[in-house]
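# Observations on the model geometry
Each chain, letter by letter, is given below.
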Amino acid sequence: MGRFSFLQWPVVRQLTTGDAFGRGPSVTSTKTQNTEPRTVTADKVVQSVCPYCAVGCGQRIFVKDNKVVQIEGDPDSPISRGRLCPKGAASEQLVNAPGRVTDVLYRAPHSTDWEKISLDTAMDMIAERFIEARRAHWQDTDEHGRPLNRTMGIASLGGATIDNEENYLAKKLFTAAGAVQMENQARI
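Residues numbered from 1 in each chain as written. Predicted model: local features only at pLDDT ≥ 70, side-chain atom pairs only at ≥ 80, totals over all residues. Heavy atoms only, no water.

## Description of the layout of surface pockets
Rolled over the atoms, a probe sized like a water molecule indicates the empty space that remains. Its boundaries defined by the atoms lining it, the largest pocket holds a volume of some 150 Å³. Ser156, Gly158, Ile162, Asn167, Ala170, Lys171, Phe174, Met182, Glu183 and Asn184 are the residues that line the largest pocket. Broken down by secondary-structure element, the contributors of at least two residues to the lining of the largest pocket are strand E7 (147–158), helix H6 (164–176) and strand E8 (179–184). When residues of the lining of the largest pocket are assigned to their parent elements, the largest contribution, four residues, is made by H6. (1 Å grid on protein atoms, 1.4 Å probe; cavity = no way out; pocket = protein on both sides within 12 Å on 5 of 7 lines; lining within 4 Å. Points joined across faces, edges and corners; volume = space filled by probe spheres on them. Helix = DSSP H or I, 4+ residues; strand = E, 2+ residues; numbered from the N terminus.)

## As for the packing of aromatic side chains
Here the structure, examined in full by the defined rule, presents one aromatic pair. On the numbers, 5.9 Å between centres and 65° between planes, the contact of phenylalanine 130 with phenylalanine 174 is edge-to-face. Taken together, the positions of phenylalanine 130 in helix H5 (residues 119–136) and phenylalanine 174 in helix H6 put the pair 44 residues apart, joining distant regions of the chain. The ring of tryptophan 114 has arginine 107 lying over it, and the distance from NZ or CZ to the ring centre is 5.6 Å. (Phe/Tyr/Trp six-rings, centres within 6.5 Å; stacked < 30°, edge-to-face > 60°. Lys NZ or Arg CZ within 6 Å of the ring centre and 35° of its normal.)

## Some words on the domain arrangement of the chain
Often the size quoted for an interface is simply the accessible area lost on bringing the parts together. Domain annotation of the chain identifies domain 1 (1–35), domain 2 (44–96) and domain 3 (105–187). With centres defined by C-alpha atoms, the gap from domain 1 to domain 3 works out at 65 Å. (Domains from an automatic or database assignment.)

## Concerning the sheet that holds strand E2 (residues 58–64)
Taken together, the three strands give an open sheet; going across it, the order is E1-E2-E3, and neighbouring strands pair in antiparallel fashion. Both edges of this open sheet fall to strand E1 (44–49) and strand E3 (67–73), since each of them pairs with a single strand only. Averaged over neighbouring strand pairs, the angle between their axes works out to 30° when direction is ignored. (Pairing = 2+ DSSP bridges. Axes fitted to C-alpha atoms, helices over the stretch in contact; angles between N-to-C directions.)

## A few points about the UniProt feature "domain: 4Fe-4S Mo/W bis-MGD-type" (unreviewed entry) in the chain
On the UniProt side, "domain: 4Fe-4S Mo/W bis-MGD-type" (unreviewed entry) is annotated at positions that read residues 43–99 here. From the first C-alpha to the last, residues 43–99 spans 25 Å; its make-up is 18% helix and 35% strand. (UniProt positions renumbered as here; feature names shortened; annotations may be inferred.)

## Comments concerning the sheet that holds E7
Spatially, three strands are ordered E6-E7-E8 in an open sheet, and the strand pairing comes out mixed. Each having just a single partner strand, strand E6 (138–141) and E8 make up the two edges of the open sheet. Across the sheet, the mean angle from the axis of one strand to that of its neighbour is 25°, orientation sign disregarded. Direction of pairing for E6 relative to E7: antiparallel, over a ladder of three bridges. The residue of E7 that forms the bridge with glutamine 139 is arginine 150. Contacts between H5 and the sheet are confined to E6 and E7, with E7 contributing the most and set at about 145° to the helix. (Contact = heavy atoms within 4.5 Å.)

This is the structure:
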């Protein structure tokens, strides 16, 4: 630590700089003056939508060296106009959490262990099971011969974290597949 000087007292700086009320540079430390926001050094800014609820607040994601360094509200968003709730404001912690699982994990039937698989393999497994459930439980007609054209082997439970447009597309997908059992967490 350097030698102490009475000239560095905030009161002395206040009087010598003309900052009578002590609200300006006389009370600002050197460390504070040299501090700059993380957003200044970001390589790029990416626009996104908050992942927590169906409101769809706009976010500006600041990236440096391919790592998220800050997330703020997007002032250009007509929905949130630059504001985020406490969860949305803390979503940078979700992205950079050390315990966050970033691999696709699969647990085979009757197994007690999880194994890592590729995303393509997981998507193929889901698609195969979806098609097989549709095929195995398809109903062309009821007992009186009236057309049904539905499957009772597929159901959908949507979450409140997807917005109206995504819910609309999910509804279209499941309706086109013949599913009739569709619900959403937001309505329950």
